[in-house]
Structures are given as C-alpha cells and as structure tokens.
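# Reading the structure
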Amino acid sequence: MSTAAFHISSLLEKMTSSDKDFRFMATSDLMSELQKDSIQLDEDSERKVVKMMLRLLEDKNGEVQNLAVKCLGPLVGKVKEYQVETIVDALCANLRSDKEQLRDIAGIGLKTVLSELPPAATGSGLATNVCRKITGQLTSAIAQQEDVAVQLEALDILSDMLSRLGAPLGTFHASLLHCLLPQLSSPRLAVRKRAVVALGHLAAACSTDLFVELADHLLDRLPGPRAPASPAAIRTLIQCLGSVGRQAGHRLGAHLDRLVPLVEEFCNLDDDELRESCLQAFEAFLRKCPKEMGPHVANVTSLCLQYLKYDPNYNYNSDEDEEQMETEDSEFSEQESEDEYSDDDDMSWKVRRAAAKCIASLIGSRPDLLPDFLCTLAPALIRRFKEREENVKADVFGAYIVLLRQTRPPKGWLQAVEEPTQTGSNLHMLRGQVPLVIKALQRQLKDRSIKARQGCFSLLTELAGVLPGSLAEHMPVLVSGTIFSIADRSSASTIRMDALAFLQGLLGTEPAEAFHPHLPTLLPPVMACVADPFYKIAAEALLVLQELVRTLWPLDKPRMLDPEPYVGEMSAATLARLRATDLDQEVKERAISCMGHLVGHLGDRLGDDLEPTLLLLLDRLRNEITRLPAVKALTLVAVSPLRLDMQPILAEALPILASFLRKNQRALRLATLAALDALAQSQGLHLPPPAVRAVLAEVPALVSESDMHVAQLAVDFLATVTQAQPASLAEVSGPVLSELLRLLRSPLLPAGVLAAAEGFLQALVGTRPPCVEYAELINLLTAPVYDQAADGGGGPGLAKQAFHSLARCVAALSAACPQEAAGTASRLVCDARSPHSSTGVKVLAFLSLAEVGQVAGPGPQRELKAVLLDALGSPSEDVRAAASYALGRVGAGNLPDFLPFLLAQIEAEPRRQYLLLHSLREALGAAQPDSLKPYAEDIWALLFQRCEGAEEGTRGVVAECIGKLVLVNPPFLLPRFRKQLAAGQPHTRSTVITAVKFLISDQPHPIDPLLKSFIGEFMESLQDPDLNVRRATLAFFNSAVHNKPSLVRDLLDDILPLLYQETKIRRDLIREVEMGPFKHTVDDGLDVRKAAFECMYSLLESCLGQLDICEFLNHVEDGLKDHYDIRMLTFIMLARLAALCPVPVLQRVDRLIEPLRATCTAKVKAGSVKQEFEKQDELKRSAMRAVAALLAIPEVGKSPIMADFSAQIRTNPELTTLFESIQDSASAPSTDSMELS
C-alpha cells in the first residue's frame, strides 16, 4: 500500500470519530492532500473517499458539512468519471430532501462540482455526461411547484450550467425551454427572476428554431398596451427580453420591428421598475443590433431624454434659489430638505440611471449620428450634471465621456484641410459647450461626495484631450476645484491622486500663460503633497511639480514668469525627498527626475544649492537602484542651454558612466551614451582628459551590428568627442575605425547609423590637425572592395547595401575636404574606365561618383559623361544600375550641361531607355525644383510619348518620373492629368493614375490640399473599361487610405460602392486555356479583385468609423469562398473585424463559420505537387487564425454551429494540433497586422 493511500485511509478512519474536531481536522487534511498535483488514488481509495465525503455532507456539525462541500471541488478532478456521477446522483437526491440544511448543502455541492468540471472546449466528455445526468433531475425539480426553495436552488444551478456548458446540452434545450417558460408566470418573484436569467443563457446557446420559438412566445405573451394584464407579468416578460438581449441580442435582430414599438408603449405605464426594465432592454438592443435599431433611434432618444430628467419627488428649483444665498445656514436647511424627500419608496433614480446608460450605448453604437447627438443629447446630459443620486450622476458623466471619445479626431486627421470637415464642425460644436460644462461642474468639483469629484476629473481630462487649450479661460474655476481635492486630507487618498493626475494632464494641454496668475495658490498644496507620508501621493505630486517646471519655464522660449519667489520652495521640497534614503522606489525615481528638470530649467537661480544638488545626483548615480533615473537627470542638466558649471562632479561621474557601458542592461547603456554625448557637447574642453580616455576605452565594443541603436549612439558620441577633444580620440581611432568598417559592411545597416558614421568620419578629417589623414581614411574605406578584387573575387562577396554605405562615406569625406574632391573624382573615373577593374570596384566607383561627381570640377564631369554612357552597355547588371544611378545624381548637380544630353540620349537609344529613364528619375528627385522649371515642358512631352510602351517596368519608371515632375510645379501640372485621363490610351491612363500614387507620402506635404481637390476625379477611373486602369486606381486608393486617409475620408460614400463592385467575381473575365491535353482556367479579374480586397483591409485600419460594417461584411463573406489569394486576405480581415467590431460579426457568425470549416477540413488531391500542399497548409493556418479570433468574442462559443465546429476541431488530431499552435503563437507578439501599402 503506497504511503499516500495509507495516509488517506488513516484520515478516513478519523472521519468516523465521534469527536467533531477530529472529523473537521481530518477533512481539512484530506482537502490539502487532494489539492496536491502529485496525488494518485487507486480505485478502492476513490470509492472510500467518495463514500465518506457524501456521508460527511449529512454530518450533524455545520462546519464539517461546509468543509466537506469544499472538498468536492478538488475531488472531482482526482476521481474517475463514474465516481463523479455517483457524487452528482447523491447531491441531486439530497436536493429534494425534506431537510432545508441538506438541500442548501446539496445546492452548494452541485455548484462546486460544476465549477470544477473541465469546460467542454478541452474535449473532455465528463462535463457533458454530468450535465446530462443533472439536467433531467433539475427540470423535474423545477416543474414541481411544491417547494419553492428547491425550485430556486435548481434554477440557480441550471443558470450556472447553461452559462458554462450551454452547447453540450443541445439535446436538452427543447425540454429546458418548455420547463422554464411556465416559470415566467410563477406567483413567486424570486422564481421569475431566476427563470429570466436561465432563459437568457439558454437563448445564447440554443438552435435557431428554439430561439424563434422563445422570441415568439415572449412576443405573443406581451399584451397590447390596451389589453389588461398584471404589471408583474409584463415586468417579467420585459426583464426576460432584456436578459435575452444582453446574452443573445445578436439573434434578436429579425424580431426588433415587432418588439420595439411594444416596449416603447410600456415605457408610458406608470411603473418605475417596468420603465427601468424597458430602458435596460433598449440598451441591450442598441449594443447588440445597432443596424436593426436604426429606424427606432429617434423614439428611443426621446424616451431617454424624457426619463433622464424624470425625478417626480424632488424640486430642483429650490437648489437654484439657495445658490443665491449660500451661507452655512442654508447648507443645513438644504440637508434637512433632502432628508425629507429621501423616502425609501422612491425608485425614480433607477429609471434615470437606466436612461443614462441607454444614452451611453446609443452614442457608442451610432458614431454616424454624432452631430445630432451633440445638438440633442449633450445639452441634456450637461443639465443633468446636478443629479442628486451619486450612482446616477456617475452614469451621466459616463455617457458624456462616451460622447467626448466619439468626437475625438481620428488618427492622421489633417487640421489644415480647406473645407470644414465633419470632424471639424463636431469639434466646433463641442467647443461651444465648454462654458456650459464648466458652469455645471463648478459646484460638483467641491461636492462632498468623492465619487462625484472623481467623475468630474475623468470628464475634464477627456475634454482636455479632445479639445486641447479649450479650458484655459476657465482656469480660476478649475484651479480652485482641483486645490479643494488636493488639500482634502479628510477623505481617501485616491481623490487626491486623481486631482494631481488631472492637474498634470492639464499642464500638458493648456497654454502656460493660463497658469501664471494661479501659481501662488497652486504651489503650496502641491508642495504639501510632495511631503506627504503616503508614497503614491508624493510620487504623483513630484510628477506634477516636474510638469510645472517644464511648462512654466520652458527652455526654448524666453521666461515670461519670474521664478525667484518659487524656486527656493520647490528645490527645498524636492531636495528633502532626494535626501531621504528609506523611501519607496517610485518616489526616489520621481524625485531624481524632478530635480533633473529643476536644475535643467532653473539651475541658474539655485545659487548655493546647485553644488550640493549635483553631488546628491552623483551619489544616486553610484546606487544600483537609482542609477538609471540619475543618468537621465544628468542628461537633462547637461543639455540645458543655461550652461551650468558641472565641474564639481565631472571627474568622478565619467568613470562611473564608463562602467555603465559594460553593463548588460540595455536601457542603461542607451541612457549613458545619451548622457555622455550631452556632456561632451556642453562641457567639451572642461572634461578631464584621463576620465575621457577611460570612457573611450569602452566604446569600440559597442560599435557592433548586434545592437544597431547602441552603435548609432556610440558613433554619435565619438563624433562629438572628436570635435571637443581630438587628442583623446586620436589614441583610440585605430580600434574604433576597424569596428566601424566592419559595421559598414553589414547588409542590415539602418540609415541612422550610416548618417552617424558619415558625421564621425567628417569630424575625424575636420579637426586641425586632422585626427586621421583624408587619404588614409579613403584607403581604409575602399580596401574591402579592392582587396577582394585582388584576391580574384574568390571570397564571399560584399552585400549590395555595403557598396552604397561605403560610397556614401567616401562622398561625406570629399564634402568635408573640398580641396581633395577633384583628385578623388579623377581617381574614381580612372578606376571606372580601367578594363582591369573588377565589377565590385566599378560599382563602388560609380556609386561614389554619384555623390562626389557633383562637387568635382567641369573637367572630370565631361570625361564622366562618356564613361557613364559607356558603362550602360556593361555586361554586368550591377554596373549598369550603378552607372544609371550616377548619371542621374551627377546630372542633378549640373542640369544645363546634363539634362538636354540625357533627354537626347533617351530619344536616340531605345535599347537603353529603361536605364536612362532611371537616371532621369534620380535627376528629378535630386535637383532643386526651381532649376528644373525651364526643362519641365520638354521632359513632360518626352515622358508622355513613352506612356504607351509595351514594357510594364518602363511604364512604372515613367509614372514615377511624371510624379516627381509634377512636384516641380503642382498647380500648373496637376490639372493637366484631367486631359490625359480623358483623351489618353488605356496604358497612358493607368500610367497617369500610377503617377498620382507617387504624389502621396505619409508625411504632410504642401501638395496635399491641391491633391485632395482632384482625388474625386481620379477615383472616377474605377469605372474605366480597362482592367489595368482599374487596378492602378485601386493601388492608388490603397496608398491614399494607408498613408493619408484624410485625402479620401470625405469621399468614401461615393467610392465604396465602386470598390465593392470590384470585389465580385466576373464570369466574362474567366477563360479556358488549352495546355497540351489539359484545360486550364485563367481568371483575368483576379488581380483587380485582390487589389480591391487589399483596399478593404486598409480601410479597416484607418477609416473604420466611415464604414457600414454590415455592408462591408457582406463582401468579406463573398471573399471567403473566392480564390486562394483572396481567401487569405479575407481570413485576416475577419480576424481583424472580430477584434475591432465584434457586434456585427457576432450577428452573422453562423454564416461565417461554414466557409472556414470548409477550408480547415479540405483535403489536397493525392499526387499533387509539394507547392499545393504548402499552399493548403498556409490557407488552413490562416482560416484557423480567424476561428481563434472569432472564439475570442465571448458569445461566439455559445453559438450551436460554432460549438459543433469546436467539437470537430477537438476530435480531429490534425485540427487540434493546428489550433493549439495558433493559440501558442497568438500569446507571443501579434503577427496579425499586415502591411499592404
């Protein structure tokens, strides 16, 4: 017998003791044994333990009974299935016992067992079997009306079971429905309430037919408003509708037209509880079926407005009168008058609360009606800020906050758009309401109730975020209200923290001038909070102080406010916090940061305090816990334009900072490099050379490609030191340069690191005398390429990127030493001409000439023309590309000489046209717009002759050239596109549209307003008869949506129908091609459809608010059955939609699952090629991702079709593995978002 079994048998023996304490202790020990993962029970022990537990459930002692019930939870997971069924049978029998105590214990026991059962999703059949066992017993217990207590317990358990395990009970749904519906007319209120909850859970999981039966039953039972019916019955039916609406509202859509008018009528009956239920039902309908509720929005809005102010037992006018004579006396009389009214029978507050919540869901579900809501709902909500019941007031604030969030401008919204857009006018209307809001909140900010004040702060924070700067003129009210809460020591600390957080936000959004008059009153309470013993308040107050210093005395503007009266007090308070060593970590960090800002912004006014403060910072630098904030604070002091004297700490601080460069903590290394760079820039020559050398010794190790960001900061620091102390740097230049050259050869070199390297090399040759000679550096840079050529090119080649990086560095050196540039250019020309040069040498020479050629004299340039033209005929593609690039770049620096020559060559050399057009593109991109104007007409004419070329690649380059040319003179050239679109051939039209695509950049650009005025016309090309033109238009639209949504947002109503038209499969574009004995179908419309679906995906990212999601989903649904490429796209869209707007997805989840199931279970024909298998696998993974995203919507799992598919996934090993791998990867960083620019 194993030790565990022996131990358990001894416990079981003690449980039979007559002493209740023995029984209690033994049960407690058994409980802890069962909770261990390691325990294994044999069959005999299982039987004995189960038998004993069931016996103890009937124990005479209540405490033993309670403990035995708790034991059932862990026991269920440890015993075999048939033992669980034994437990459940016994509990069900006890549930119908005559003894009340036994019934209670059995009820708790069943709930415990159910909560411990593994959910059906894990594939365990145990839950299903147990539920089936219980269900029959429960339905008969509910149906027997004898004992209400049994009925209530059974209904509770049933609700619990349906909410957790609704789907596996499919076979019982009909009998459960028929058992529950009669309970709605039970005479007992408690039974009716529990039946309502259970029906809500059942509605979410049952089949469509049963749901229709339930809905019809409720609708038929609801009497017409004229028919007599008991108020209680109506109340129950409406509550049931609300419960069904909350749990399964997405299925009610079809019944709403019959339902809503009935519910509206019942709102007019004089019964507060019924009104509350009606409004709650509307709230659920609005959340779950926003589209179907569309026709009823006006009526629901007027009902909400009517009941938001429904307060029959209170006269608000007396408040207004009292405001006139507000004395201590009147406050007492007000309190008394309130007590008179607050009778317990007053239920009207529940109606008002339901109305406020309904308004919040109305605003949240219909963003398209925002302008109307701002006119109708906003003023009504503001008027109700005076609400006397604090729960209702919180919901009124909540509804107004929802309104503010909906008004917030979307990302990428351009304010500099000419005509007032919808967002602009909404913000304008909101701005007009700000004075009303402040007036309504003025008394609330000093309310006795903490909850009311917290609501005020949340609302004002949101308002300041939506309309920055709008609160400036109301500062007196806000400051006095905030101080009231900050200084309120009587109440909990949370309100003080909320007030401080609000103040910090306000300093960020409002102009500094608004705070100047209030600083004398504002500073003392903030200072008191800095010294507060509670760490969270002190930390929050230090943040406020830091923000105050940063906002009121900015470094980039002249000081408008004399800091003298305040600086001593501020620095004393912060220093007190900085000196204390036994503080909370957060307070330490904030105190250091705040001190950094104080010294950085006001160090010149600190006087004698400056040196001790700097020494304190040095001390914090030595401490491991505070070193990171201390490094950042030092950086703030060093970059300050006040040029503070840091001599007292430099000699000690530098070696400490040097040691940080060796640490593993990346954040510390980055911060230290930033600090060193700032110190080198500000203190320069004052830095002690031995300390600088200690730092420089650590730097070469950081210049490596293992961490490019660190490398970039390290090279920037080296450049700064080179200018400040060339002598110190000369000693480490050797190791640093060898590391830098290794970095420059990396194929992954980011632009920032390259720019830093150029700056450093220029600094090296720029000092007097130079740290490293120009010639030596050039040789070092070109060595890798020349050495490889000498080896005969046998070693591994350099990456293409490396040639560009090295060429940029050669050019940077030439620019720093103009006197050497001509000689370098001549040498490069020689290398490029020499027949003995390897490909690599020529490529490097041309790429370097592209940069250097512009600064070389006219002599080498003439020679260069011939060399470059010659190279365009080279057999190596790399050489041809480099020469074409160089020709354009050199030409841009000398347009009168080069451009006519280039245009003549394009005319004369049709075979080299592609390369020459590339040169032209480079020239147009690099030259100054004004210098190009004289040639614009010639280039325009030449490019439009090339639009009809057969080569798509050439047309692409032509389009890019046209785009760059338009930027030379947009108002003159952009309108010409109209003529070309109207008169041109198909190829010309598609080239023009592609050219427009090149005018869109993701940064603001002067051409944007002009482009916006033409976009509507360009988008008309979606109706062009030619496929390629339509595809080019979709690519252009996608680029606009992705990079600058504001260009197209206002035109979407016209564009979307045309876009959706392109997503349909067109039979006339599908043709059969015979390939030997096989027939192969080719779909010419596929590319256009794919482009259209890509546009739809981009719209989800940036224009979600302007889409009718139901219409959008119709086309996604069609795409789920389309070609492989399109299915891949629609699966990703579906996953995105499930996350962004679950409500409409939920409404049609049953239709969406079928295509997903078909994809997941599809089989590839035997004998197919490997690619076919890989394609199918990828498709399945993508479909399964969509399934996982759908399952993340809580109600989806309850849908019968989804439950069926989930069961199928679990029973099929292949699908189970796939699903699990998707879930594992989903818990890793998200890979869902995809770039389709």
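Residues numbered from 1 in each chain as written. Predicted model: local features only at pLDDT ≥ 70, side-chain atom pairs only at ≥ 80, totals over all residues. Heavy atoms only, no water.

Per an unreviewed UniProt entry, the chain is named Cullin associated and neddylation dissociated 2 (putative), and its organism is Sciurus vulgaris. What UniProt records for the chain under Subcellular location (unreviewed entry) is the sentence "Nucleus". Under the UniProt heading Sequence similarities (unreviewed entry), the entry covering the chain gives this text: "Belongs to the CAND family." (UniProt positions renumbered as here; feature names shortened; annotations may be inferred.)

### A closer look at the overall build of the chain
Across its full length, the chain holds 61 helices and 2 strands. Considering only C-alpha atoms, the chain reaches an extent of 115 × 95 × 80 Å along its principal axes. Classification of the 1237 residues of the chain by burial places 53% in the buried group. Taking as baseline every contact in the chain between residues at least 6 positions apart, the subset at least 24 positions apart corresponds to 73%. As displayed, the chain offers around 54,000 Å² of accessible surface, 52% of which is attributable to carbon and sulfur atoms. Side-chain charges in the chain split into 126 positive and 159 negative, and the spacing between the mean points of these groups amounts to 4 Å. (Helix = DSSP H or I, 4+ residues; strand = E, 2+ residues; numbered from the N terminus. Buried < 20%, exposed > 50% of the residue type's maximum accessible area, 1.4 Å probe, protein only. Contact = heavy atoms within 4.5 Å. Areas by Shrake-Rupley, 256 points an atom, 1.4 Å probe, with all protein chains shown as cover. Lys, Arg positive; Asp, Glu negative; His and termini not counted. Charge placed at Lys NZ, Arg CZ, Asp CG, Glu CD.)

### Re the state of the cysteines
This model, assessed by the stated rule, comprises 0 disulfides. Cys-529 provides the cysteine sulfur closest to Cys-594, a residue in no disulfide bond, and the two sulfurs are 13 Å apart. (Disulfide = S-S within 2.5 Å.)

### Re the packing of aromatic side chains
Across all of its chains, the model carries 14 aromatic pairs by this definition. Geometrically, the ring pair formed by Phe-385 and Phe-397 is edge-to-face, given 5.0 Å between the ring centres and 70 degrees between the ring planes. With Phe-385 in the loop between helix H19 (370–383) and helix H20 (390–407) and Phe-397 in helix H20, this pair connects stretches of sequence that are 12 residues apart. Residue Phe-385 shares its accessibility class with Phe-397, and that shared class is buried. Summarising the aromatic geometry, the rings of Phe-1018 and Phe-1036 are spaced 6.4 Å apart at their centres and angled 80 degrees between planes, so their arrangement reads as edge-to-face. Of this pair, Phe-1018 sits in helix H51 (residues 1008–1019) while Phe-1036 sits in helix H52 (residues 1027–1043), and the two are 18 residues apart along the sequence. On the basis of relative accessibility, which here comes to 1%, the residue Phe-1018 falls in the buried class. Looking at Phe-1036, the relative accessible area reads 0%, which means it is buried. Here the aromatic cluster, defined as three or more aromatic residues joined through ring pairs, consists of Trp-940, Phe-944, Phe-977, Phe-1014, Phe-1018 and Phe-1036. (Phe/Tyr/Trp six-rings, centres within 6.5 Å; stacked < 30°, edge-to-face > 60°.)

### Focus on empty space enclosed by the protein
Inspection of the entire model under this criterion finds 5 cavities of 30 Å³ or more. As for the largest cavity, its lining consists of Leu-1027, Arg-1030, Gln-1061, Glu-1062, Lys-1064, Arg-1066, Leu-1069, Gly-1085, Val-1088 and Arg-1089. Of the residues assigned to the lining of the largest cavity, the class counts are 3 nonpolar, 2 polar and 5 charged. Approximately 50 Å³ is the volume found for the second largest cavity. Along its surface, the second largest cavity is lined by Leu-654, Leu-676, Ala-680, Leu-687, Val-692, Val-695, Phe-717 and Val-721. Only helix H32 (666–683), helix H33 (689–698) and helix H34 (708–724) provide two or more residues apiece to the lining of the second largest cavity. (1 Å grid on protein atoms, 1.4 Å probe; cavity = no way out; pocket = protein on both sides within 12 Å on 5 of 7 lines; lining within 4 Å. Points joined across faces, edges and corners; volume = space filled by probe spheres on them. Nonpolar A, V, L, I, M, F, W, Y, C, P; charged D, E, K, R; others polar.)

### Notes on helix H27 (residues 564–579)
The end-to-end C-alpha separation of H27 is 23 Å, in line with the 22 Å expected for 16 residues at 1.5 Å each. Listed as buried for H27 are Tyr-566, Val-567, Met-570, Ser-571, Ala-573, Thr-574, Leu-575, Arg-577 and Leu-578. Where H27 is buried, its residues meet helix H25 (519–530), helix H26 (535–552), helix H28 (585–602) and helix H29 (610–622). (Expected span 1.5 Å × (residues − 1).)

### Remarks on the pattern of salt bridges
Taken as a whole and assessed by the stated rule, the structure comprises 66 salt bridges. We note a salt bridge from Asp-156 to Arg-194, for which the minimum N-O separation is 3.2 Å. One end of the pair, Asp-156, is in helix H8 (residues 148–165); the other, Arg-194, is in helix H10 (residues 189–205), and 38 residues separate them in sequence. For Arg-194, a relative accessible area of 27% gives the class partly exposed. Three or more residues joined by partner-sharing salt bridges are found here, namely Asp-311, Arg-352, Arg-384, Glu-387 and Arg-388. (Salt bridge = Lys/Arg side-chain N within 4 Å of Asp/Glu carboxyl O.)

### With respect to unusual backbone geometry
A cis amide bond links Arg-768 with the next residue in sequence, Pro-769, at an omega value of -10 degrees. For Pro-769, the location among the structural elements is in the loop between helix H36 (751–766) and helix H37 (774–790). Backbone geometry at Arg-643 places phi at a positive 50 degrees, although glycine is not the residue there. Along the polypeptide, Arg-643 turns up in the loop between helix H30 (627–639) and helix H31 (647–660).

### A few points about the environment of Phe-846
The residue Phe-846 is located in helix H40 (residues 839–852) in this model. A relative accessible area of 1% places Phe-846 in the buried class. For the pair formed by Phe-846 and Val-879, sequence separation is 33 residues and the distance between their alpha carbons is 7.9 Å. The residues touching Phe-846, leaving out its near neighbours within four places in the chain, are Ala-832, Val-867, Leu-868, Ala-871, Val-879, Ala-882, Ala-883 and Ala-886.

### Concerning the packing of helix H35 (residues 726–744) against H36
One way to put it is that H35 packs onto H36 with a least axis distance of 12 Å and a crossing angle of 150 degrees. The handedness of the crossing between H35 and H36 is left-handed. On H36, the residues touching Leu-729, Val-736, Leu-737, Leu-740, Leu-743 and Leu-744 of H35 are Val-753, Leu-754, Ala-757, Phe-760, Leu-761 and Leu-764. Class assignment for the residues of the contact of H35 with H36 results in 12 nonpolar, no polar and no charged. (Axes fitted to C-alpha atoms, helices over the stretch in contact; angles between N-to-C directions. Left-handed = near helix turned anticlockwise from the far one by under 90°.)

### Some points on the side chain of Asp-707
Within the fold, Asp-707 resides in the loop between H33 and H34. If we ignore the near neighbours within four places in the chain, the residues touching Asp-707 are Arg-666 and Arg-669.

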